[in-house]
Amino acid sequence: MRLAAAASLAAMVALAASPADARTRDFAIPAGALGDALNAWSAQSGVQVLSSPETLEGRQSRGAHGRMAEMDALERILAGTGLIAQRRGGAVLIRTRPKASARTGAASRTPSSAAPAYIPPPLTGDPIHVIGLRMSERRARAAKREARVIADAISSDEVRRLPDTSVVDAMRRIPGISVIPIADNEHPRDVPIAPVVRGLTQTYNNVTVNGLPIASTGIPEAGSNSASRGVRLDILPTALVSELVVLKTFTPERDPNAIGGAIDIRTRSAFASGGAPFASLEAGLTRPSRHGEVQPQSTPGLHASGTFATTFGPERRFGLVLSANARRLQNNSDMHGTSDSGFLAFYAADGTRVDEDDPRAQGRPVPVQDKYWINSSDRRRHGLSARFEADLPDLAISTFLGSFTFRDGFIRNEVVIEPRGAITRTSDTSGHFARGAVQVGYRDGVTRTTTRLALFNATWSPSDRDSLSLRAARTQATMGEAYTMVKFTSGRDAEGDVTGSADFPVRYDTSALHHSFTVPRASYTDLSLYPAAYWRERARSAVSDLDTARLDWRRNMAPGESGVGLAAGTGVQRAGYRYRYANTAWNTDNRDLTLAQAGEVRTNPLPFNRAGLELIEIDPDRAWALFEANRADIALTSDIGDALRDRFDHAETSLSAYAMARLARGPWELVGGLHLDRTSLSTQGYIEAGDTWTATTASSRYTRLLPAFLANFDPTPSLRLRAGYSRTLGRPSYESYAPRAAIDFGSSSLAGNPQSPDVTVRLGNPELAPRTSDNFDVSAEWTLPARLDGLVSAALFHKRIRDEIFDAMTQGYTWEGVHYASAQVIRPVNASAAHISGLELSASVGSLGALSRHLAPFGVTANWTRLDGAMSVLQTTGSPRVVDRLVGQPSQVANLSLFYAQDGLELRAALNATGRALRAVAPDAPSQDVYWAPRRQVDLQARYHFAPRWSVVLDVSNLTQARLTSLTGPGYGWLKDSYAVPRSVRLSLHWGLGG
């Protein structure tokens, strides 16, 4: 719809609600070949020009000079050529003037409602020729330059120019954006799942498709699988995207639940490229650098996608876009790290273990565990979508339907070496323990996530200055996960506690970041020394519903219009979230049930183990056959509490209204207004009292009045200055409200042992308040001279956040009469304060030909963001502690992309670099804070257009196989865990028609 598009930047990009006729610029386009003149006009205006090559061949232009409207400049360029320009859907089509109306020197600016219908060429006809070198970069620059707010965008063409397989992959190319993986200890971590906008994670960011919010089950988390409201963007394919826009400042008509930014995924319109028919088909193979190492895997992986768009009906006023995609990739990865809590052990001079703050502690600490995973992933994605549009004289209608499914299969083979008892040091970085234990585990499961969208948008425009729009959405996301787990553990006593065995003395080496423990090979490979610890079957499910309806009125609010403009609107949004969890667990006291009956020693070396120990693999079929054959010796250890302690149901209704005004005079544009948000919610959870579980409901509501002001100033045609202030919200995650308590033991054998190292407790907090942020922004954007074909921008921002929410981690918890001293207790709380500031610098140069004609085929884009944040968290003593950044915030983010294009060959190399980022906070133990280590990733692509409409593409993702590493301990000098990210090489064949 024109109203919503103007508000959210789409119309500025498509130029449908902001006519090129209304914008004036300084033009200096010399006389010469018509193609060159149109190329220069496209570079300066950011408008795509379409024509067949034969139409332009041999024609000359008189050029255009001086300050004038963009379409007036185009008229002068076409004067005397016998050609006319027609605008439709944001592009300009150059065609021969019909003889009946031939009139030398005039470009047709007849509105689309009265213009002769464009008759697109048939699919078998000549290809449409796109004028303007590297149009994808130009579209992104035009979107940024013409936006009312501070924003960045990438087009569908740019998305497909690098080996990005999901929306979140593509987002890391945008200034101020970094990406994060799953951060829990249950799921694979070798792919990113969500963006971090200006140092703020998915919790702070609003995600929409065509301007409407979508449901999500959240980011996977071992405790509840829904750690935040954030949309998991890795389930959405890049084939869905026409344009990806990140809005970084806000005006009152926008959803205020976006402290970091608003991410709008815009799907292709049939009226793009002048309504010409469009088709794109791509298929290919992907080969990862690691596959089939333990379990058999098929390789290479397959991917295919297709999009078709056309207009039809009277005057081609109706449009249809169909899209489909499918992808499967299997690969291996590994993980090396320490325990999930506690991380490091400290020792006194006599070798006994003490707390970190005990004055007897001396010498370097020792990691609690030496943990190894070798993982097998099987990821499958498929999706279908359809968009129907009608562009009637006074009414624009758009309906979008989509269904996207992601099946994530994951097998984990695990070996954990754990010392027990007193330490004997032989140096500051080495020593041994007299006893130890080794755990061997296996996990096999599938997570299936489906997102379904039904979006409707209608805008009635009774005049050029007025519009009334109705927008509605019904969206649902579902998640189902089922998995089994089996574990065998040496060093268990008669009661089942892991006390260590003299058969497994542990030697350690901490001289490098990747520590290494070893035990005698004879014991390690004697599988009869590993009695069965447990068998488990688990299942999680979540259903998220999000329904939205909005009514908006606007008068004289379109960019480019002068004078006073007014807008007002109201809306309602209903959200529901249901989460279920089931756990069935068994263990046994029969020490004759051992790994010798269900496992084998493989030849796969454990990564970073300096003693060369190999992987021990559990055969799941033999392990469960052992279970079935010995049911009389196996006891059920789970109870009804396992199903109820994590279960919750959440319902939420938000009512909103806004009013805003706009004043545009000369080079100035001022916008301001208020947004009212009233939200009521209730959450039901379960609390154990004695032996009884009771359903408990917590309810709350809040009302917030949120102002927003924005000023744009154009001192010259090539320079735009912006300043803005807004107040926005950050709603807590659904499960954070749930009145509940959940405890998870890394092994059932640890239950009842006060010294258990792998105990995690999660608590809800019904008293949480929403975050509130005051946001201050300034920016400058300079359009470079035409010969450089580029844009340079700089932005400063500061966000002052009140009632910040974070997962407070404390140590020690009493459960059923036992105090677990090392238990990690996680509870969401409001911090007293938080802030983040940043500087964003960005530059894009489409051609380096101004430096040398030999460099004309080369171009470069680069951006760098520096972030400085802090938050105050409360310790258990009640005193505050200041942390030097927010959770998820890196110190800096940088992107560099170099490209070459000539004679059908295109080469591109991209570097993405992210500084150290905070992963988790332990308020009472600063040395147990966890950080993502700095990381750099290099991606390459070669594309060759070997025939009209045909191209072959070679992609290389993560060329250097950069790992994803987390650090902890004093001075962040200790390994928490390190995850392998395999390199992948993808070969694709592409066929395309249209722009």
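Residues numbered from 1 in each chain as written. Predicted model: local features only at pLDDT ≥ 70, side-chain atom pairs only at ≥ 80, totals over all residues. Heavy atoms only, no water.

- Going by what an unreviewed UniProt entry lists, the chain is known as TonB-dependent receptor and is assigned to Novosphingobium mangrovi.
- The chain has a UniProt comment under Sequence similarities (unreviewed entry) that states "Belongs to the TonB-dependent receptor family."
- If you open the UniProt record of the chain and go to Subcellular location (unreviewed entry), you find "Cell outer membrane". (UniProt positions renumbered as here; feature names shortened; annotations may be inferred.)

**As for the overall build of the chain**
Here is step 1: From N to C terminus, the chain includes 11 helices and 54 strands.
Here is step 2: The buried share among the 995 residues of the chain stands at 60%.
Here is step 3: Within the chain, contacts between residues separated by at least 24 positions form 73% of all contacts whose residues are at least 6 apart in sequence.
Here is step 4: A total accessible area of about 35500 Å² is found for the chain, and carbon and sulfur atoms account for 57% of it. (Helix = DSSP H or I, 4+ residues; strand = E, 2+ residues; numbered from the N terminus. Buried < 20%, exposed > 50% of the residue type's maximum accessible area, 1.4 Å probe, protein only. Contact = heavy atoms within 4.5 Å. Areas by Shrake-Rupley, 256 points an atom, 1.4 Å probe, with all protein chains shown as cover.)

**Looking at the nonpolar core**
Here is step 1: Within the largest apolar cluster, 41 residues are counted, with the highest numbers of intra-cluster contacts made by V438, F488, Y524, Y530 and W535.
Here is step 2: V197, I263, F404 and A473 belong to the second largest nonpolar core, which has 28 residues in total. (Core = buried A, V, L, I, M, F, W, Y, C linked by side-chain atoms within 4.5 Å.)

**Quick notes on the side chain of S398**
Here is step 1: Relative to the elements of secondary structure, S398 occurs in strand β23 (residues 395-427).
Here is step 2: Only 3.1 Å separates the side chain of S398 from the side chain of R387, close enough to count as a polar contact.
Here is step 3: Excluding anything up to four places from it in sequence, S398 contacts R387, F388, E389, L455, F456 and N457. (Polar contact = N/O pair within 3.5 Å; in protein donor to acceptor, adjacent residues only side chain to side chain.)

**A short note on the pattern of salt bridges**
Here is step 1: Counted by the stated rule, this structure contains 43 salt bridges.
Here is step 2: One salt-bridge network, held together by shared partners, links R198, K248, D777 and E840. (Salt bridge = Lys/Arg side-chain N within 4 Å of Asp/Glu carboxyl O.)

**With respect to the side chain of S216**
Here is step 1: Tracing the backbone shows S216 in the loop between β13 (212-213) and β14 (243-247).
Here is step 2: Discounting chain neighbours no more than four positions away, the residues touching S216 are G230, V231, R232, A477, S544 and Y577.

**Some remarks on unusual backbone geometry**
Here is step 1: With an omega of 5°, the peptide bond between T299 and P300 qualifies as cis.
Here is step 2: Relative to the helices and strands, P300 resides in the loop between β16 (278-288) and β17 (301-312).
Here is step 3: Here the phi dihedral of R949 falls at roughly 75°; this positive angle occurs in a residue that is not glycine.
Here is step 4: Tracing the backbone shows R949 in the loop between β50 (935-947) and β51 (950-957).
Here is step 5: Residue classification places R949 among the partly exposed positions, given a relative accessible area of 23%.
Here is step 6: Notably, N958 is not glycine yet its phi reads approximately 55°, a positive angle.
Here is step 7: Mapped onto the secondary structure, N958 falls in the loop between β51 and β52 (964-968).
Here is step 8: Classification of N958 as buried rests on a relative accessible area of 1%.

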